[in-house]
Amino acid sequence: MHSSHSIRLKVLLLVTAIALTAQPAIASSEGHFDRTLTVSGPVSLTVATGSGEIHVSPGDTNSVVVHARVRAGGWFSGGSADDRVKQIVDNPPIEQSGNVIRIGKNQDWHWGNNISIDYEVTTPRQTSLNASTGSGGVRANGLTGDFKATSGSGDLNIDAMTGYGNVSTGSGSIHMKDLSGAAKLDTGSGDIELTQSTRADAQARTGSGTIRIRNAQNGVRAHTGSGDLEVSGTPNAEWHLETGSGSIDVSPTSGSKFTLNASSGSGGIHSDQPLTMQGSLDKHHVQGTVNGGGPTVYVETGSGSVHIH
């Protein structure tokens, strides 16, 4: 009995040792690479990473400079983390065709989900940008050209850009300041803040979060499923402001001429502006003109108050 028990114990220990030996090892490694690319004239720049941060800013007029941080971690069944990092550092995912430059690739090529690459890039001010990350944030500032920024889960911070902007994130906030151009902003769950510096249209949508648009000077379309809306500026074109549940504050610039069409399912409608009423009096639906009327400002909330400052 004793001998049989001893044999079974030895077999069990041997099987366990073999199983542990067959398991991939948890490892982590980090590396860096730097590249300087010569360009002449406006640049078309694409930066993509499966997991990591992206920061793009203006630099020298004749070069695109790339600083990258590569990290590998987690389970690897074939090759070590050091090997994975060395492979990327020795062969950076950068392609150039004249002034068209691609940095990184979606899902970081074939290296798997355990690879993360952060990119910090300087580029000539005249650059059209397409930046995307699966999980991480995007920061961009000071460029002249149309731009697109997307993230699966991360914040987007865009400052002092000139051109049409199309930015979206699955779960994160969007902060955009001093934009000279039209913009389309979309997030599944997060806040949106936009400050415009020129007369251009703005579209903003969030599933759940607050939207703040400042210095709007043309058409505005803003929708949030659940959250407040705050919009200030001059309605030189129609504004469509809607929230499923939340308050809406509208602050037109002094002397603005517009027509108000506001409704609230459950909440009051208040106007600090002298309002020439149209139609019958209804506490949940107000129509009227301000300073003789102009483009219509449509305001609607399912449950919340409306305030025209």
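Everything that follows concerns the structure shown earlier in this document.
Just so it is clear, the model here is predicted, and its values are computed rather than measured.

Colleague: Sorry if this is basic, but what is going on with the overall build of the chain here?
Modeller: Broken down by element type, the chain carries 2 helices and 27 strands. The proportion of buried residues among the 309 residues of the chain is 42%. In the chain, the share of contacts with a sequence separation of at least 24, taken over all contacts with a separation of at least 6, comes to 46%. A total of about 14600 Å² of accessible surface is found on the chain, and carbon and sulfur atoms cover 49% of it.

Colleague: Mind showing me how you'd approach helix α2 (residues 81-90) here?
Modeller: The periodicity of an α-helix, 3.6 residues per turn, causes residues three or four positions apart to be oriented the same way. When we look at burial in α2, the residues that qualify are A81, R84, V85, I88 and V89. The buried residues of α2 occupy an angular sector of 130° when the element is viewed end-on, so they sit on one face.

Colleague: Can you walk me through the side chain of T259 in this structure?
Modeller: Here T259 shows up in strand β22 (residues 258-264). Excluding residues within four positions of it along the chain, T259 makes contact with Q278, G288, T289, G293, G294, P295, T296 and V297.

Colleague: Please clarify how the pattern of salt bridges should be interpreted in this entry.
Modeller: Between side chains of opposite charge, a pair can form as their charged atoms come close. Inspection of the entire model under this criterion finds 6 salt bridges. Between D90 and K86 there is a salt bridge, with its nearest N and O atoms 2.6 Å apart. In this pair, D90 and K86 both sit in helix α2, 4 residues apart, roughly one turn of the helix. The partly exposed category is assigned to D90, whose relative accessible area is 42%. Its salt-bridge partner being E230, residue R212 comes within 3.4 Å of it at the nearest N-O pair.

Colleague: How should I be thinking about the environment of V66 in this particular structure?
Modeller: With respect to the helices and strands, V66 occurs in strand β4 (residues 63-76). A relative accessible area of 0% means that V66 is categorised as buried. Apart from residues lying up to four places away in sequence, V66 is in contact with F33, D34, R35, I94, I103, Y119, E120 and V121.

About the criteria used
- Residues numbered from 1 in each chain as written.
- Predicted model: local features only at pLDDT ≥ 70, side-chain atom pairs only at ≥ 80, totals over all residues.
- Heavy atoms only, no water.
- Helix = DSSP H or I, 4+ residues; strand = E, 2+ residues; numbered from the N terminus.
- Buried < 20%, exposed > 50% of the residue type's maximum accessible area, 1.4 Å probe, protein only.
- Contact = heavy atoms within 4.5 Å.
- Areas by Shrake-Rupley, 256 points an atom, 1.4 Å probe, with all protein chains shown as cover.
- Arc of directions from axis to C-beta.
- Salt bridge = Lys/Arg side-chain N within 4 Å of Asp/Glu carboxyl O.

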